[in-house]
Amino acid sequence: MKEMMKNTGILLAITLIAGLLLGIVYQVTKEPIAAQEEKAKQEACREVFADADSFEAVQLATPDAASWSDAGYAQESVDEVMAALDSTGATLGYVITVTTKEGYGGDIQFAVGVRMDGTVNGISILSISETAGLGMRAEEVLKPQFANKNVEKFEYTKSGAAAESQIDAISGATITTNAVTNGVNAGLYYFQTELGGGDGV
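Residues numbered from 1 in each chain as written. Predicted model: local features only at pLDDT ≥ 70, side-chain atom pairs only at ≥ 80, totals over all residues. Heavy atoms only, no water.

To continue, consider the pattern of salt bridges. Going through the model one piece at a time under the given rule, you end up with five salt bridges. One salt bridge in this structure joins Arg137 and Glu140, with 3.8 Å as the shortest N-O distance. For Glu140, a relative accessible area of 54% puts it in the exposed group. Salt-bridge contacts for Glu139 lead to Lys143; the nearest nitrogen and oxygen are separated by 2.8 Å. Residue classification places Glu139 among the partly exposed residues on the basis of a relative accessible area of 40%. What you see here is one network of salt bridges that share partners, running through Glu47, Glu139 and Lys143. (Salt bridge = Lys/Arg side-chain N within 4 Å of Asp/Glu carboxyl O. Buried < 20%, exposed > 50% of the residue type's maximum accessible area, 1.4 Å probe, protein only.)

This part covers the side chain of Thr97. In this structure, Thr97 sits in strand 3 (residues 91-100). Given a relative accessible area of 10%, Thr97 falls into the buried group. Those residues in contact with Thr97, other than ones at most four positions away along the chain, are Ser77, Val78, Asp79, Glu80, Gln109, Phe110, Ala111 and Leu126. (Helix = DSSP H or I, 4+ residues; strand = E, 2+ residues; numbered from the N terminus. Contact = heavy atoms within 4.5 Å.)

Written as structure tokens, this is what we have:
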């Protein structure tokens with residue numbers, strides 16, 4: 001019994017020390033991690049809105065669930081919206097962070113820069129874990145195709161893009177292509193319905 005109590009005491013002490021050390025590590029790394037995340041966010045904003053002077057968080061509006069689903073975006077969510085401001089504080093457009101659950105390898109998260117007239121400046125991929133050599137080519141194949149396009153909605157094609165609204169699919173990775181295209185469309189839909197933009201479409 002004494003041996004059992006001794007071992008229990010040792011295990012309890014180890015658990016307490018480990019918990020204390022984890023707490024210390026968390027406190028030490030919390031601020032650097034937050035700073036790194038903020039830096040990555042600012043870099044993504046700058047990538048899709050290079051001419052903006054600053055970025056300001058906008059309170060998220062929750063889209064009507066039924067309308068959002070009916071529009072085809074049940075697998076997409078808007079995580080954050082930043083207003084892109086010029087040097088006078090006027091709004092140039094928005095940076096909309098979207099997560100789509102339709103990726104082949106899991107969630108894909110990216111930022112979409114949209115001007116007030118509905119023009120997509122471009123996208124910046126924040127998180128992706130698709131198949132190497134296929135879906136992971138989204139950065140090089142898909143990303144450039146969204147830049148400077150003013151359309152109401154995008155669609156992907158396997159036969160080569162013939163219209164402004166068409167995105168040429170990654171060969172062998174239509175699931176990834178579909179996921180990214182739907183995610184961008186969800187960002188545009190949010191912009192059009194919740195942010196009152198898109199007059200130029």
